[in-house]
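# Results of the structural survey
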Amino acid sequence: RFVSSTLYGYLPEVIRRYRVERPEVEISLLELTSLEQIPALKEGRIDVGFGRIPHGDPQVDRVLMRNEPLLAALPATHPLAARADLRLADLAHLPLVVYPKAPRPSYADQVLALYRACGLRPPLVHEVKELQTALGLVAAESGVALVPASVARLRRDNVVYAPLDEPGAISPVIMSTRRDDPSPEIALILKLIKRMYRDQGIPFGQ
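If you're wondering where the values come from, they're calculated on a predicted model, not measured in any experiment.

## Observations concerning the environment of Ile 193
In this fold, Ile 193 is placed in helix H6 (residues 184-200). Setting aside residues up to four positions removed in sequence, Ile 193 forms contacts with Val 14, Phe 50, Met 65, Met 175 and Phe 204.

## Some thoughts on the pairing of strand E1 (residues 48-51)
Of the two faces of E1, the one carrying Val 48 and Phe 50 and the one carrying Gly 49 and Gly 51 are both buried. Examined bridge by bridge, E1 and strand E7 (residues 170-178) share four bridges and lie antiparallel to one another. Among the inter-strand pairings, Gly 49 is bridged to a residue of E7, identified as Ser 176.

## Overview of the packing of helix H1 (residues 11-21) against H6
Put simply, H1 and H6 touch, their axes get as near as 10 Å, and they point 125° apart. Comparing their axes, H6 and H1 come out oblique. The handedness of the crossing between H1 and H6 is right-handed. Contacts between H1 and H6 involve Glu 13, Val 14, Arg 17, Tyr 18 and Glu 21 on the former and, on the latter, Glu 185, Leu 188, Ile 189, Leu 192, Ile 193, Arg 195, Met 196 and Asp 199. Taken together, the residues of the contact of H1 with H6 sort by class into seven nonpolar, no polar and six charged.

## Some thoughts on helix H2 (residues 34-42)
Along H2, the residues that are buried comprise Ser 34, Gln 37, Ile 38, Ala 40 and Leu 41. Of the surrounding elements, those touching the buried residues of H2 are E1, strand E2 (60-75) and E7. The positive-phi residue at the C-terminal boundary of H2 is Gly 44, with phi of around 80°.

Procedures and definitions
Residues numbered from 1 in each chain as written. Predicted model: local features only at pLDDT ≥ 70, side-chain atom pairs only at ≥ 80, totals over all residues. Heavy atoms only, no water. Helix = DSSP H or I, 4+ residues; strand = E, 2+ residues; numbered from the N terminus. Contact = heavy atoms within 4.5 Å. Buried < 20%, exposed > 50% of the residue type's maximum accessible area, 1.4 Å probe, protein only. Pairing = 2+ DSSP bridges. Axes fitted to C-alpha atoms, helices over the stretch in contact; angles between N-to-C directions. Parallel < 35°, antiparallel > 145°, perpendicular 65-115°, else oblique. Left-handed = near helix turned anticlockwise from the far one by under 90°. Nonpolar A, V, L, I, M, F, W, Y, C, P; charged D, E, K, R; others polar.

Quick look at the structure:
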């Protein structure tokens, strides 16, 4: 089970590698928010979750896979779109688009917390349900959005992705499982993820 933005990262490759190793196992994918994954794991409705929100539930184990850099999604026509040294302060005067609107806390709160940590407050915040809607508002020049770097693989007309030169502009990618789950499939998935990160030159857990 996954948060939508993780689908634009390495999750599809993890699934492909798992199917090669276990062709006899049927995989069912379901999009759930990070918070929705917790009761689903505890109730046995899912076995593995991939999300971005840390939690402290004692019945759920979490493994930090990586801290993914954030990018600024900007209208292609905006003067800041070509900046190579973009700071969050450069965006502070622009309306901000955050997602998901609910349930909270969510990735939206990570973005808002980053603004607060930098002593910044956007003049207007648009809260929308999903990533695609957020990018649609950016394309319509209604604001700017901060998105995980893997989202840049999602090409969208009239939207450009600019790197942020800002300490703390990251979002964790977290694998969640039931506490003490003895399934060998969990260990295999984690092994495949570590191998894939090594192949891609990505430090695991950083």
